[in-house]
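# Close look at the chain arrangement
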Amino acid sequence: MKALLQRVSQASVSVDGKQVSSIKQGLLILLGVEREDTTANAEYLARKSADLRIFEDAEGKMNLSVKDIKGEVLVVSQFTLAGDTSRGNRPGFDTAAKPDIANSHYLYFCECLKKHGLPVQTGIFQADMQVSLINDGPVTFMLEK
């Protein structure tokens, strides 16, 4: 499982030109689910995402988590994070989880974030989404488990 975290001052998801979710300050998390992933992977990444200290404190140091700043989280399923680009010029997706399993793990990841006290918004699984964001910093981290 891969989670690409972006610290944002705002982010939103639109489908067919209509906004379906939005957040203010917090994290945009693009989540890729692979075949071998388990609920334990989702639990680990949710905890790490909730506790990762990537927001600035009063001294300008990255010392606060999204929980500390009372931020919001927008989670978007990102199938292409499971892409293999090691051979040739066309990505392979053999390691990606099947859609039903990927959706189950995606939803479980979101529930785990909520258990950490975070307000969570989502995209629409398997939809053609347009994601808008203002990356704050920019600050972006890749978490894998």
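Below you will find a few notes about this structure. (Residues numbered from 1 in each chain as written. Predicted model: local features only at pLDDT ≥ 70, side-chain atom pairs only at ≥ 80, totals over all residues. Heavy atoms only, no water.)

## Concerning the environment of phenylalanine 109
- Mapped onto the elements of the fold, phenylalanine 109 is located in helix H2 (residues 99–115).
- The spatial distance from the C-alpha of phenylalanine 109 to the C-alpha of glycine 83 is 20 Å, given a sequence separation of 26 residues.
- Every residue in contact with phenylalanine 109, bar those within four places of it in the chain, is listed here: Ile29, Leu31, Ala42, Leu45, Ala46, Ser49 and Val75. (Helix = DSSP H or I, 4+ residues; strand = E, 2+ residues; numbered from the N terminus. Contact = heavy atoms within 4.5 Å.)

## Re the packing of aromatic side chains
- With the rule as written, the count across this model stands at two aromatic pairs.
- Measuring from centroid to centroid gives 4.6 Å for phenylalanine 79 and phenylalanine 93, while their planes differ by 25°, and the two rings are stacked. With phenylalanine 79 in the loop between strand E6 (72–77) and H2 and phenylalanine 93 in the loop between E6 and H2, the pair connects residues that are 14 residues apart, well separated along the chain.
- Overall, the relative accessible area of 46% leaves phenylalanine 79 in the partly exposed class.
- A centroid spacing of 6.0 Å and a plane angle of 40° characterise the contact between tyrosine 106 and phenylalanine 125, whose relative ring orientation is tilted. Within this pair, whereas tyrosine 106 is found in helix H2, its partner phenylalanine 125 is found in the loop between strand E7 (120–122) and strand E8 (129–144), the two being separated by 19 residues in sequence. The two residues tyrosine 106 and phenylalanine 125 agree in class, both being buried.
- Above the plane of the ring of tyrosine 44 lies lysine 145, whose end atom (NZ or CZ) is 5.0 Å from the centre. (Phe/Tyr/Trp six-rings, centres within 6.5 Å; stacked < 30°, edge-to-face > 60°. Buried < 20%, exposed > 50% of the residue type's maximum accessible area, 1.4 Å probe, protein only. Lys NZ or Arg CZ within 6 Å of the ring centre and 35° of its normal.)

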